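# Overview (structure and organization)
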Amino acid sequence: MYPETVEQLAVASAWLTYNGSVLLFGSHAALDGGVVDALVDRVDGRRVLVCRRDRTDPRRRLGTLTALFSTVDETEAAALPPGHRRLLAESIFRAPGAEGASAPSAEELGPAVLSLLRTLSGSTPLLLIVEAVHRLDDDTRCVLEYVAEETRGSLVRMIAVEEVPGPGGPRGYAICPSPLVIIGLGPSSGSLSPN
């Protein structure tokens, strides 16, 4: 881990503690040092839903959402309106190999995912972790942008990680609930910018 990263983790940890979201960006090498795990270890009292880097395939529609909610038991979705349960069952809770039925559109799915997050955060604040923002499929990105807009100021927070190989900044800020801090990792990316 780069020395600058330790200081940036302290800022990110404080931001998460006070109900903010964090977008980390940098080169592959800067992001590959256990930064997310170190940050999660500093955050107490939240249920953590994770989509690891190796589970994000931009060719698999809604694959990131399926991975993100893989630890959610279908009984936890039982309190949702029937229409939302159906949409989730046809998409992110779909059994492997059930490719015959068509999955709902991202526009239809956004409110169902939001409903699920509100139900899950009713008893315990949630921390969503998406480790490969740069590899999201378009529909997942659309659903997460909808959720981010609708969960401002709620108990849902996110740690998002975006690989940015060259100069420039991240583009994944729209999937993160506000308030948001954007932190560049690595020797040349030491920027810090609250949003």
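Our subject in this report is the structure included herewith.

What counts, and where the lines are drawn
- Residues take numbers from 1 onward in each chain, read along the sequence in its written order.
- At least 70 in pLDDT is required for a residue's local features to be given in this predicted model, at least 80 for side-chain atom pairs to be given and counted, and no such filter applies to totals for whole chains, interfaces and linings, which use all residues.
- Where side-chain values are given, they derive from all heavy atoms of the structure, hydrogens and water being excluded.
- Only protein chains enter the accessibility calculation, which uses a 1.4 Å probe; a residue is then buried when its area is under 20% of its type maximum, exposed when over 50%, and partly exposed in between.
- Secondary structure elements are taken from DSSP: a helix is a run of H or I of four residues or more, a strand is a run of E of two residues or more, and numbering for both begins at the N terminus.
- Between any two strands, at least two bridges found by DSSP are needed for them to pair.
- The path from the first strand over the helix to the second decides the hand: if it runs clockwise while the strands point away from the viewer, the crossover is right-handed.
- Between the first and last residue of a helix there are one fewer steps than residues, each counted as 1.5 Å, and that sum is the expected span.
- Whether two residues are in contact is decided by their heavy atoms, any of which lying within 4.5 Å being enough.
- The definition of a nonpolar core used throughout is a set of buried Ala, Val, Leu, Ile, Met, Phe, Trp, Tyr and Cys residues joined through side-chain atoms within 4.5 Å.

Burial analysis of strand S4 (residues 156-163) places seven of its eight residues in the buried class, the great majority of the element. In this structure, strand S1 (residues 21-26) lies alongside S4, joined through five bridges in parallel fashion. Opposite leucine 23, over in S4, you have alanine 160 as the bridge partner. Summarising the sheet, strand S3 (residues 126-130) and S4 pair through five bridges and their orientation is parallel. Bridge assignment links leucine 128 to a residue of S4, and that residue is methionine 158. Running through helix H7 (residues 138-150), the crossover from S3 to the neighbouring parallel element S4 is right-handed.

Structurally, the α-helix is built with 3.6 residues per turn, so residues lying three or four positions apart point the same way. For H7, with 13 residues, the first-to-last C-alpha span of 19 Å sits near the 18 Å given by 1.5 Å per residue. Buried residues belonging to H7 abut helix H4 (63-68), helix H6 (106-120), S3 and S4.

Structurally, the position occupied by serine 115 is in helix H6. Sequence-distant contacts of serine 115, that is, excluding residues within four places in its chain, are made with Leu80, Pro81 and His84.

What follows covers the nonpolar core. Buried together is how nonpolar side chains tend to be arranged in soluble globular proteins. Residues Leu65, Phe69, Leu88, Leu109, Val113 and Leu116 are the most contacted members of the largest nonpolar core, which totals 40 residues. Looking at which element gives the most residues to this core, the answer is H6, with eight residues. Counting 17 residues, the second-largest nonpolar core is a separate cluster that includes Val35, Val43, Leu127 and Ile183.

Its location among the elements puts proline 177 in the loop between S4 and strand S5 (180-184). In this structure, the C-alpha to C-alpha distance between proline 177 and glutamate 145, residues 32 residues apart in sequence, is 8.4 Å. Look past the residues within four positions of proline 177 in its chain and what remains in contact with it is Ser21, Ala148, Thr151, Val156, Arg157 and Met158.

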